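Structural overview
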Amino acid sequence: MNLKPLIDSSYLARYLLLNTVDISDHQVFPEREIQNSNPTFHFSSEENGYANLTTLNQVLPSIAHAHQNETIDQFLAHNGTVAFLVIQNDKLIVEKYYNGYDHSSICTSFSTVKSFVSAMIGIALQEKLLRGLDDPITHYLSELKAPHWSEITLRHLVSMSSGLKYQSNGFLPWNDEPRIYYSLDLRGLARDSVKSEPPGLHFHYNNYNLVLLGMILERVTGGPVSHYLQEKIWKPLGMEFPASWSLDSQQCGMEKMESGLNARAVDFAKFGRLYLRRGDWNGRQIIPEHWIAESTTIEPTAKWTNYKYLWWIPHSGQGRFMAVGNLGQFIYVAPDKDCLILRFGRGKPRNWQLFSALTELF
């Protein structure tokens, strides 16, 4: 029985039939292609990189609760890892794949895509498509008429402080998490979201914020968000492969802003390199340097200290930041070590300390 027509037309069918989030979910949603272009950028490689992993094997049990004789390769494979890359000093030190994946396998971003959205907001500000972060979102989305909408600014959206109601605990069909993930009409769902508290009071991780940012990017660029990503990031960075962005449905055609960028691990790593280089790509400033600093730095007076503009900030005090997604996807950027670590997988690793410790070995 062909279930695709049912999945393409019913939220409840999606919830019942697809109700297990998986890295291969790009295969079940409609998508919009993102083209790459020449010249392609390739990392140079470092032959001695694997010696660092051998060193890590000696300390693995104490930092990751691994079994006494478990190697780093075994640890990563057992934790559902599919891709593990380390880049330092512009060299690809480690490129390892597990559980049937290889260099050309497609990985779904999940929420690491939020950091790509942050980059596009910074570019749109630089291009003066957006006037400023303190603009009310109703300046761009005039159809939002309820009083609470005019209180919410772009800054509230990128800092996860919009005050919109969002129930993320559990995956029951009436919770907002599955409603966003399986929605056939993300724009309509976001327009119907309601106020929980005044904006700016508290950090509250909320995927409606990303849908609203996507609607604003559509409005100011005059096209799909995928096209803006293609022209402003994917092509300029010389990505090795084309990519795609999953859509809510063919009919509505909106990118799954919170989770749905599908690409190869090595191309996700190039996005991390762009941030290591403060937005510069081989002499061309792709993202404004001041935006990268502002979006990844916590001020001393900040109300919350582990999140800025769609980037997570570890409490290391070393200027590091990371894009994080469901099932343990992440791009960990350590400018103090000129190093980035990428891990994508089917399940969350048992201990995040492993990846912080890794940076000390390079």
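Here's what I pulled together on the structure shown here.

Details of the overall build of the chain
Looking only at helices and strands, the chain features 13 helices and 12 strands. Every one of the 362 residues in the chain was classed for burial, and the buried ones make up 58%.

Quick notes on the nonpolar core
Ranked by size, the top nonpolar core spans 87 residues in total, and within it V117, I121, L212 and W245 carry the most contacts. Ignoring anything within four residues of it in the chain, the contact list for V117 reads L210, L213, L217, W245, M257 and L310. Counting residues in hydrophobic clusters, the runner-up holds 15 residues, among them I93, M322, F330 and C339.

Some thoughts on the sheet that holds strand β6 (residues 243-246)
Overall, antiparallel pairing links the 4 strands, which are arranged β1-β6-β7-β5 in an open sheet. Strands with a single pairing partner mark the edges of an open sheet, and in this sheet they are β1 (31-34) and β5 (106-108). Taking each pair of neighbouring strands and ignoring which way they run, the sheet shows an average axis angle of 30 degrees. As paired strands, β6 and strand β7 (residues 261-264) are joined by 2 bridges and run antiparallel to one another. Following the sheet pairing, W245 is matched in β7 by L261.

Thoughts on the side chain of T81
Along the chain, the position of T81 falls in strand β3 (residues 81-88). Given a relative accessible area of 1%, T81 falls into the buried group. At 2.9 Å, the side chain of T81 and the backbone oxygen of L76 are in polar contact. The residues contacting T81, other than those within four sequence positions of it, are L76, Y98, N99, R343, F344 and G345.

Focus: the sheet that holds strand β4 (residues 91-97)
Overall, mixed pairing links the 6 strands, which are arranged β2-β4-β3-β12-β11-β10 in an open sheet. If you trace the sheet from one side to the other, it starts and ends with β2 (44-45) and β10 (321-325), each paired once. Bridge count for strand β11 (residues 329-334) against strand β12 (residues 339-345) is 5 bridges, and the pairing is antiparallel. Note that in β12 the partner of Y332 across the bridge is I341. Where helix α11 (residues 265-276) meets the sheet, it contacts β3, β4, β10, β11 and β12, and its direction lies at approximately 150 degrees from that of β12.

Comments concerning the environment of I87
The topology assignment puts I87 in strand β3. On the basis of relative accessibility, which here comes to 1%, the residue I87 falls in the buried class. Along the chain, I87 and A269 lie 182 residues apart, while their C-alpha atoms are 8.1 Å from each other. What I87 contacts, discounting residues up to four positions off in sequence, is F43, L92, I93, A269, D338, C339 and L340.

Focus on the packing of aromatic side chains
Evaluation of the coordinates by the stated rule reveals 21 aromatic pairs. Their ring planes at 25 degrees and their centres at 5.4 Å tell us that W291 and Y309 sit as a pair that is stacked. Of this pair, W291 sits in helix α12 (residues 289-295) while Y309 sits in the loop between α12 and β10; the two residues are 18 residues apart in sequence, bridging distant segments of the chain. Put simply, the rings of F116, F268, F271, Y275, W311, F321 and F344 touch in pairs and so form one group of aromatic residues. Lying across the ring of Y181, K256 places its NZ or CZ 4.1 Å from the centre.

A short note on the pairing of β7
Regular strands place side chains that alternate from one sheet face to the opposite one. Burial along β7 is two-sided: L261 and A263 facing one way and N262 and R264 facing the other are all buried. Note that β5 and β7 share 3 bridges and pair antiparallel. In the strand pairing of β7, T108 is matched with N262.

Some thoughts on the environment of E197
When you line up the elements, E197 lands in the loop between α8 (186-191) and α9 (208-221). Assessed through its relative accessible area of 22%, E197 is described here as partly exposed. Taking the C-alpha atoms as reference points, E197 and H148, separated by 49 residues in sequence, lie 9.4 Å from one another. Once residues lying within four places of it in the same chain are set aside, the contact partners of E197 are S162, G163 and H202. Of note is the side chain of E197, whose polar atom sits 3.1 Å from the side chain of H202.

Rules and cut-offs
By convention here, each chain's residues receive numbers from 1 onward along its written sequence. With pLDDT at 70 or above as the cut-off, local features in this predicted model cover only qualifying residues; side-chain atom pairs require 80 or more to be listed or tallied, and sums for whole chains, interfaces and linings still use all residues. Side-chain calculation: all heavy atoms of the structure are included, whereas hydrogens and water are not. We count a stretch as a helix when DSSP gives it H or I for four or more residues in a row; a strand needs E for two or more, and each element gets its number in order from the N terminus. Three labels apply to residues, based on accessible area from a 1.4 Å probe with only protein chains included: buried if under 20% of the type maximum, exposed if over 50%, partly exposed otherwise in between. The definition of a nonpolar core used throughout is a set of buried Ala, Val, Leu, Ile, Met, Phe, Trp, Tyr and Cys residues joined through side-chain atoms within 4.5 Å. Residue contacts follow a heavy-atom distance rule, with two residues in contact if any of their heavy atoms lie within 4.5 Å. Two strands are counted as paired when DSSP detects at least two bridges linking them. To get an axis, fit a line to the C-alpha atoms, keeping to the stretch in contact for a helix; angles then go from 0 to 180 degrees between the N-to-C directions. Here a polar contact is taken to be a pair of N or O atoms separated by no more than 3.5 Å, where protein atoms must pair a possible hydrogen donor with a possible acceptor and residues adjacent in sequence count only if both atoms sit in side chains. To pair, rings of Phe, Tyr and Trp, with the six-membered ring standing in for Trp, must have centres within 6.5 Å; the planes then decide the type, stacked if under 30 degrees apart, edge-to-face if over 60, and tilted in the middle. Only when the NZ atom of a Lys or the CZ atom of an Arg is both within 6 Å of the ring centre and within 35 degrees of the ring normal do we say a charge sits over the ring.

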